[in-house]
Amino acid sequence: MTSSGRGTAVVTGAAGGLGRAIATALHDDGWSVLLTDLDATAVAAAAAPLGGWSAALDVRDEVACALIAATAASRGRLDLWVNNAGILVTGPAWEHDGRTRRRVLDVNAFGAMNGTLAALALMREQGHGHVLNVVSLAGLVAAPGETVYAASKHALLAFSLGTLSDLRMAGYRRVHVSCLCPDGIWTPMLHDRLDDPGALASFTGSMLTPQLDALPRLAVALIPVVRAAGRAGQRRQLRRTAPPDRS
Ligand SMILES: NC(=O)c1ccc[n+]([C@@H]2O[C@H](COP(=O)([O-])OP(=O)(O)OC[C@H]3O[C@@H](n4cnc5c(N)ncnc54)[C@H](O)[C@@H]3O)[C@@H](O)[C@H]2O)c1
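For clarity, every value in this text was computed on a predicted model and none was experimentally measured. (Residues numbered from 1 in each chain as written. Predicted model: local features only at pLDDT ≥ 70, side-chain atom pairs only at ≥ 80, totals over all residues.)

Side note on the overall build of the chain
Put simply, the rule reads: Secondary structure elements are taken from DSSP: a helix is a run of H or I of four residues or more, a strand is a run of E of two residues or more, and numbering for both begins at the N terminus. Residues are defined as contacting one another if the C-beta atoms placed from their backbone atoms lie within 7 Å.
A count of helices and strands for the chain gives eight helices and six strands. Each helix and strand of the chain, placed in order from N terminus to C terminus, yields the pattern β-α-β-α-β-α-β-α-β-α-β-α-α-α. Contacts spanning at least 24 positions in sequence make up 66% of the contacts within the chain whose residues lie at least 6 apart.

Some words on the packing of helix α4 (residues 98-126) against helix α5 (residues 147-169)
Put simply, the test is: Axis definition: a line fit to C-alpha positions, over the contact stretch in the case of helices; interaxial angles, taken between N-to-C directions, run 0 to 180 degrees. Each angle gets one of four labels, with under 35 degrees taken as roughly parallel, over 145 as roughly antiparallel, 65 to 115 as roughly perpendicular, and the rest as oblique. Take the far helix as the reference: if the near one is turned anticlockwise from it by less than a right angle, the crossing is left-handed, and if turned clockwise, right-handed.
Orientation of α4 relative to α5, taken along the N-to-C sense of each, is 20°, at an axis distance of 8 Å. Considering the angle they form, α4 stands roughly parallel to α5. Of the two possible hands of crossing, α4 and α5 adopt the one that is right-handed. Across the interface between the two elements, Arg101, Val104, Leu105, Asn108, Ala109, Ala112, Met113 and Thr116 from α4 touch Val148, Tyr149, Ser152, Lys153, Ala155, Leu156, Phe159 and Thr163 from α5.

Description of the pairing of strand β5 (residues 129-134)
Stated formally: Any residue with 12 or fewer other C-beta atoms within 10 Å of its own C-beta is exposed, any with 20 or more is buried, and the rest are partly exposed; the C-beta atoms used are placed from the backbone. Here a strand pair is declared whenever DSSP counts at least two bridges between the two strands. By the criterion used throughout, a crossover qualifies as right-handed when its path from the first strand across the helix to the second strand runs clockwise, the strands pointing away from the viewer.
The buried fraction of β5 amounts to five of the six residues, a majority that puts the element mostly inside the structure. Strand direction decides the pairing type here: strand β4 (residues 80-83) and β5, joined by four bridges, are parallel. In the sheet register, Trp81 faces β5, and the bridge partner there is Val131. Each parallel crossover has a hand, and for β4 linked through α4 to β5 it is right-handed. Judged from the six bridges that link them, β5 and strand β6 (residues 175-180) form a sheet pairing that is parallel. By the bridge assignment, Asn133 is partnered in β6 with Cys179. Handedness of the β5-α5-β6 crossover: right-handed.

Focus: the environment of Thr116
Examined against the element boundaries, Thr116 turns out to sit in helix α4. Here the alpha-carbon distance between Thr116 and Ala69, two residues 47 residues apart in the chain, equals 9.9 Å. Those residues within four positions of Thr116 in sequence are excluded, and the remaining contacts are Asn83, Val131, Asn133, Thr163 and Val177.

Side note on the environment of Leu67
Mapped onto the elements, Leu67 comes out in helix α3 (residues 62-73). Separated by ten residues in the primary sequence, Leu67 and Leu57 place their C-alpha atoms 9.6 Å from one another.

Considering helix α1 (residues 17-28)
Note the threshold: Expected span, for any helix, means 1.5 Å times one less than how many residues it has.
Spanning twelve residues, α1 covers 17 Å between terminal C-alpha atoms, matching the ideal 16 Å at 1.5 Å per step. The element α1 is extensively covered by neighbouring structure, given that nine of its twelve residues are classed as buried. Those residues of α1 not exposed but buried are Gly17, Leu18, Gly19, Arg20, Ala21, Ile22, Ala23, Leu26 and His27. Within two residues after α1, Gly30 carries a phi angle of roughly 100°, on the positive side.

Points about the packing of α3 against α4
Stated formally: Here the term charged refers only to Asp, Glu, Lys and Arg, the term nonpolar to Ala, Val, Leu, Ile, Met, Phe, Trp, Tyr, Cys and Pro, and the term polar to all other amino acids, Gly among them.
Contact geometry for α3 and α4: axes closest at 9 Å, N-to-C directions at 40°. Of the possible angle classes, the one that applies to α3 and α4 is oblique. Between α3 and α4 lies a crossing of right-handed hand. Residues Glu62, Cys65, Ala66, Ile68, Ala69 and Ala73 of α3 lie in contact with α4, whose contacting residues are Asn114, Gly115, Ala118, Ala119, Ala121 and Leu122. The class makeup of the residues in the contact of α3 with α4 is nine nonpolar, two polar and one charged.

Some details on the pairing of strand β1 (residues 8-11)
Neither face of β1 is left uncovered, since the one carrying Thr8 and Val10 and the one carrying Ala9 and Val11 both have all their residues buried. Here four bridges tie β1 to strand β2 (residues 32-37), and the two strands are oriented parallel to one another. Looking at the pairing, Val11 lines up with Leu35 of β2. With respect to chirality, the unit in which β1 leads through α1 into the neighbouring parallel β2 is right-handed. Examined bridge by bridge, β1 and β4 share three bridges and lie parallel to one another.

Rendered as structure tokens:
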């Protein structure tokens, strides 16, 4: 089997929520998508209308991640790997036992590192490719009640940005690592959190949908504001740097 026109993509944690929405958007855009998840049955059902390409994958398993990358590349090449699989635990960190803290870091941070490195092994060889790491707003701020989750996402952000710099320093100009840092999204991750005081941070903004339609719409709506602010900034800078009038 060969890759479709747009290329071949792997999405982790794609049985539902955001992962499934990303896989659907890619499929609709002409990509050949390998949907993976811890839950083999659920991901097979999710993949059925999207070309039916699915596999069980626990992202904590480094060897399994490499095998999935090879499976995807068997369609020609691996163009995109989306590290989406993630878990949330809430409440003050002192309420979690060590196993729980470790599990969150294992899935959200080490799991995404496994996926990134499995993909990069092939993408560096090909000379091109893109890894998209689904972080969170909690990767940028330390959300109260979601501190262990936030710590795992901060780790992923640092790993992603540092790895991108390492790629550039090593001369890989067409291999990219990007991060997505959305606010709360109405997915199964939050469906049972409506009475959870530990999850308050996920509900402070406008709830997004898994299709993320709010982001492009918001960006487009804000274009006039951005343009006006940018133009005012240019004028300010021009005044600051203009040579003094000596006449
Ligand atoms: N929902 C939100 O508010 C929100 C906000 C920002 C970022 N995110 C991030 O988006 C990503 C997707 O979350 P979601 O909201 O769709 O959650 P979700 O719970 O609906 O989906 C997560 C998926 O990951 C899978 N998964 C869990 N552990 C796994 C493992 N070890 N290996 C492989 N798959 C595993 C689950 O089976 C599930 O299908 C996560 O990384 C999450 O941290 C979510």
